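Reading the structure
Chain residues, written in single-letter form:
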Amino acid sequence: GDSVTQTEGLVTLTKGLPVMLNCTYQTTYSPFLFWYVQHLNEAPKLLLKSSTDNKRTEHQGFYATLHKSSSSFHLQKSSVQLSDSALYFCALKNYGSSGNKLIFGIGTLLSVKP
Amino acid sequence: NSKVIQTPRYLVKGQGQKAKMRCIPEKGHPVVFWYQQNKNNEFKFLINFQNQEVLQQIDMTEKRFSAECPSNSPCSLEIQSSEAGDSALYLCASSPQGRQNTLYFGAGTRLSVL
């Protein structure tokens, strides 16, 4: 069945450094991928989404490119800030189900230090 | 701030008690989802609705949970007999109609079953 894999549980970085959070997926349908960010005690919020192969999508300094050839949708930022500390979830639209729910990865906690 | 409103923010129940939480989806969104986020931050899909009709639900939800999304009233999710393992953050999300549309989450109801 459909699945999403995030390989890092925790990423700790110093402010100003670049970051890449990994996301790979498995699906037999045409993929539609999302990144959500969840700050402590807040709602998960959409950060990025894409269903277009090899096209970079950007928002709030974060960017990702869907690569169907490698089934990947890695999240990147060139210079992290303290306010980027949060949980980041990669999610896949599950077209095989009724109502097109999202399947989430286990999440990556990004911790940015001064 | 999220336009999906969930109440209460916190809920404390004893084992065997009923636990009810509510969700007001974003205006104009006919599709509503409930997810459970456990202490490891993993998302588990519970049930979704479109215009008051259940689209899909998992076995656990069918057996122990009661959920509805009446017109002109908040959606609700109720655990009939709470168990310790039900302690989690319950997230409601709504979405416009259509396969390409995004889920918008509320801040959740954190249930603690003592």
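Rules used in this analysis
- Residues numbered from 1 in each chain as written.
- Chains lettered and ligands numbered in written order.
- Predicted model: local features only at pLDDT ≥ 70, side-chain atom pairs only at ≥ 80, totals over all residues.
- Heavy atoms only, no water.
- Contact = heavy atoms within 4.5 Å.
- Salt bridge = Lys/Arg side-chain N within 4 Å of Asp/Glu carboxyl O.
- Nonpolar A, V, L, I, M, F, W, Y, C, P; charged D, E, K, R; others polar.
- Pairing = 2+ DSSP bridges.
- Helix = DSSP H or I, 4+ residues; strand = E, 2+ residues; numbered from the N terminus.
- Axes fitted to C-alpha atoms, helices over the stretch in contact; angles between N-to-C directions.
- Buried < 20%, exposed > 50% of the residue type's maximum accessible area, 1.4 Å probe, protein only.

1. Side note on the interface of chain B and chain A
Note: interface size is frequently given as the accessible area lost on complex formation between the parts. Between chain B and chain A, the contact holds 24 residues from the first and 23 residues from the second. Run the count over chain B and chain A and you get zero salt bridges. Along the lines of polarity and charge, the residues of the side of chain B that touches chain A split into eleven nonpolar, ten polar and three charged.

2. Considering the sheet that holds strand β1 (residues 5–7) of chain B
Residues and elements named next belong to chain B. Spatially, four strands are ordered β1-β3-β8-β7 in an open sheet, and the strand pairing comes out antiparallel. Of all the strands in the sheet, the pair left with one neighbour each is β1 and β7 (65–68). Sheet twist, expressed as the average angle between the axes of neighbouring strands with direction ignored, equals 15°. In terms of strand pairing, β7 meets strand β8 (residues 75–79) through four bridges, oriented antiparallel. Looking at β8, one finds that F65 is bridged to I79.

3. Considering the pattern of salt bridges
The final tally for this structure, using the stated rule, is six salt bridges over all chains. Taking the shortest distance from any N to any O, the salt bridge between K45 of chain A and E42 of chain A comes out at 3.4 Å. With a shortest N-O distance of 3.3 Å, K63 of chain B and D59 of chain B are connected by a salt bridge. Residue K63 of chain B and its partner D59 of chain B are both found in helix α1 (residues 59–64); the two are separated by four residues, about one turn of the helix. For K63 of chain B, a relative accessible area of 65% corresponds to the exposed category.

Treat this as a map of the structure, not an account of what it does.
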